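In case you want the letters, here they are:
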Amino acid sequence: MNNDVWTMLGVIATAASAIASFIMAYLTRAYVLKTTDMVAEMTKTREETLRPYVVVSLEVEGKRAVYLVVQNIGQTTANQVSIEFEDDLKNIAQESIKELAFSEPIQTLVPGWKYKTVIASSERITEENGYKMKNKAIVSYCSASGIIYKESYMLNFLLIRSRRWCCCSPFLSLPCPR
């Protein structure tokens with residue numbers, strides 16, 4: 001074989017090696033991008049799983065006492081928990097629940113803890129006594145990492161008045177549709 005053939009074979013081998021290197025670089029880049037997406041998704045899932053979840057609900061104790069309950073059902077501590085009501089919510093003495101119990105934020109609400117305040121007896125919760133049968137509660141709080149959350153819950157007093165609530169579940173509120 002002469003030098004021209006060897007030179008041609010060398011050029012072909014070099015070109016094949018360059019093409020293979022380009023393909024490997026492209027595949028490696030695609031793999032890195034996919035791995036980055038997977039890590040970002042896993043981080044987001046972990047943050048959503050390990051965050052505080054503060055809910056506002058109504059709870060009936062015994063057959064009569066109705067409480068407003070603020071509870072952290074999440075995995076981590078909620079800080080600076082504040083509550084607003086669409087319409088002012090009053091207790092049996094017609095005092096503002098916001099002013100009595102929530103004028104200042106709840107500094108820390110650890111997982112599983114609940115903060116309760118009595119509203120009235122179930123028979124007293126009527127429109128004639130100044131109660132709106134549905135009232136939106138808006139809760140805002142932040143996580144230990146500083147992420148601020150804001151959620152709405154509809155407090156439905158009609159369920160108490162009509163006695164159609166389930167005795168095995170004392171929570172009488174549903175998240176508001178977004």
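One can find the structure itself at the top, above this paragraph.
Predicted, not measured: the structure shown is a model, and the values here were computed from it. (Residues numbered from 1 in each chain as written. Predicted model: local features only at pLDDT ≥ 70, side-chain atom pairs only at ≥ 80, totals over all residues. Heavy atoms only, no water.)

Here we have three strands laid out as an open sheet, ordered β1-β2-β5, and antiparallel in their pairing. At either end of the open sheet lies a strand with only one pairing partner, and these are β1 (54-61) and β5 (114-121). Averaged over all pairs of adjacent strands, the angle between strand axes in this sheet comes to 25°, irrespective of strand direction. (Pairing = 2+ DSSP bridges. Helix = DSSP H or I, 4+ residues; strand = E, 2+ residues; numbered from the N terminus. Axes fitted to C-alpha atoms, helices over the stretch in contact; angles between N-to-C directions.)

Another aspect to go through is the pattern of salt bridges. One side chain can pair with another of opposite charge once the charged atoms of both are near each other. All chains considered together, the criterion is met by six salt bridges. Where R51 meets E151, a salt bridge forms, and the shortest distance between an N and an O atom there is 2.8 Å. Of the two residues, R51 is situated in the loop between α1 (3-49) and β1 and E151 in strand β7 (residues 148-156); the sequence distance between them amounts to 100 residues. An identical accessibility class is assigned to R51 and E151; each is buried. The residue E84 makes a salt bridge to K98 at a minimum N-O spacing of 3.2 Å. Within this pair, whereas E84 is found in strand β3 (residues 78-85), its partner K98 is found in helix α2 (residues 97-101), the two being separated by 14 residues in sequence. Its relative accessible area of 45% is what places E84 among the partly exposed residues. Classification of K98 as buried rests on a relative accessible area of 16%. If you follow the salt bridges from partner to partner, you end up with E59, E61, K114 and K116 in one network. (Salt bridge = Lys/Arg side-chain N within 4 Å of Asp/Glu carboxyl O. Buried < 20%, exposed > 50% of the residue type's maximum accessible area, 1.4 Å probe, protein only.)

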